[in-house]
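# Structural overview
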Amino acid sequence: MQTDLGKYMDIQPEVADALAAGRPVVALETTIVFHGMPYPKNIECHNRCEEILRSKGVVPAAIAVHRGRIKIGLTPDIIREMLDSGDVTKLSRRDLPHVVAQGKSGATTVAATMIAAEMAGILVFATGGIGGVHRGGHTSFDISADLQQLAQSNVCVVCAGAKSILDIGLTLEYLETMGVPVLGWQTDEFPAFYTQRSGFKADYNMSGGKDIAAMLAAKWDMGLRGGAVVACPVPAAYAMDETAITQAIDQALAEAGAKGIHGKLSTPFLLAKVSEVTGGASLATNMQLVWNNCEKAADIAIQLENTPSKRRIFA
Ligand code: PSU
Ligand code: MN
């Protein structure tokens, strides 16, 4: 950790010890907990993520801002307090300095989690889906800060692709422009979160954690800053019916449009609406795909620790 960051950040001892000893650590975001899923499924999902990582010998590092402190690793007490407070902002890159300076609490998006993970020296991060270019983004300019951050932070983000509440084609074009590799986990195709296929190709089909770790080491050894997207298809048993999910998303988008929902409220609104329209089926799929991503992220983090690299010089 860079020395001046101690002023703003607390790294849980278990996480700090693992990082110092070169044992694998995987970061987890909290917007998915506080704004992406309803209680109590959110906490069930989160706890299981930590269990999956631990079962593979990986230390979980959930990230949030708690009373102005960037926390790397969250205790159940802090999560409970934040759940009970009802006053947790969704916090992306632009919000981070404000929330910290005001001593407030916030849940970190993919972008903010990447920033904090990089500060702490964590190289792998598991989540559900990344933000992207929203449908109509060519006129609304609604493009998630996640995409710019992927170009800047040396963190590998393991997800299930992007939801079709986004314009998946434009999201991939944006990532290409920013030089962010998009890696399919044992697939040629970029998955669409709730379903295994999107009709768009990933840049490379990767066989697993070892391949991915080798690519990351090469990227960072060469001083090519920025992350990578690893896109893991939701396991077939939990994938949704394409027609049903497309209808639900179209209905959610129409309601968001009619209500004038935009900006940071857009993704949470759409997720809640899709879950409502599908009678909770989308939430069940969402949980399963997050757990699957944790397994894959654990594999990458383990392989990365075993991959000869001078990456930490650049981190
Ligand atoms: N996708 C999900 N669930 C989520 C998010 C995305 O399936 O909770 C969250 C992530 O934290 C992501 C954020 O970083 O939404 C993107 O929001 P925005 O488009 O406002 O940047
Ligand atoms: Mn946005």
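As a reminder, the structure under discussion sits directly above these lines.
The following refers to the structure shown. What you see is a predicted model, and the numbers here were worked out from it, not measured in a lab.

Rules used in this analysis
- Residues numbered from 1 in each chain as written.
- Chains lettered and ligands numbered in written order.
- Predicted model: local features only at pLDDT ≥ 70, side-chain atom pairs only at ≥ 80, totals over all residues.
- Heavy atoms only, no water.
- Salt bridge = Lys/Arg side-chain N within 4 Å of Asp/Glu carboxyl O.
- Helix = DSSP H or I, 4+ residues; strand = E, 2+ residues; numbered from the N terminus.
- Buried < 20%, exposed > 50% of the residue type's maximum accessible area, 1.4 Å probe, protein only.
- Phe/Tyr/Trp six-rings, centres within 6.5 Å; stacked < 30°, edge-to-face > 60°.
- Lys NZ or Arg CZ within 6 Å of the ring centre and 35° of its normal.
- Near = heavy atom within 4 Å.
- Polar contact = N/O pair within 3.5 Å; in protein donor to acceptor, adjacent residues only side chain to side chain.
- Areas by Shrake-Rupley, 256 points an atom, 1.4 Å probe, with all protein chains shown as cover.

### Things to note about the pattern of salt bridges
Under the criterion given, the structure shown has 15 salt bridges. Between glutamate 50 and arginine 54 there is a salt bridge, with the nearest N and O atoms lying 3.9 Å from each other. Here the residue glutamate 50 and the residue arginine 54 both occupy positions in helix H3 (residues 41-55), the gap between them amounting to four residues, near one helical turn. Relative accessible area serves as the criterion here: at 14%, glutamate 50 is assigned to the buried category. Between glutamate 118 and arginine 225 there is a salt bridge, with its nearest N and O atoms 2.7 Å apart. Placement of glutamate 118 in helix H6 (residues 110-120) and of arginine 225 in the loop between helix H10 (209-221) and strand E11 (228-231) is noted, with a sequence separation of 107 residues between them. Take glutamate 118: its relative accessible area is 19%, and that puts it in the buried class. Arginine 225 sits in the partly exposed class, given a relative accessible area of 45%. Each member of the salt-bridge network shares a partner with another, and the members are Glu255, Lys259, Lys273 and Glu276.

### Comments concerning the packing of aromatic side chains
The geometry of two aromatic rings is summed up by the distance between their centres and the angle between their planes. The final tally for this structure, using the stated rule, is one aromatic pair. For the pair phenylalanine 193 and tyrosine 194, a centre-to-centre distance of 4.8 Å together with 90° between the ring planes defines the contact as edge-to-face. In this pair, the class of phenylalanine 193 matches that of tyrosine 194, namely buried. Here the guanidinium or amino end of lysine 163 rests over the ring plane of phenylalanine 193, the centre of that ring lying 4.2 Å away.

### Observations regarding the site of ligand 1
Contacts to ligand 1 come from 15 residues, most closely from Glu29, Lys90, Ser144, Asp146 and Lys163. Taking aspartate 146, its side chain carries an N or O atom lying 2.7 Å from an oxygen atom of ligand 1. In isolation ligand 1 exposes 470 Å². Once the protein is present, 95% of that is buried. At the level of secondary structure, the elements contributing two or more residues to the shell around ligand 1 comprise helix H2 (31-34) and helix H12 (266-277).

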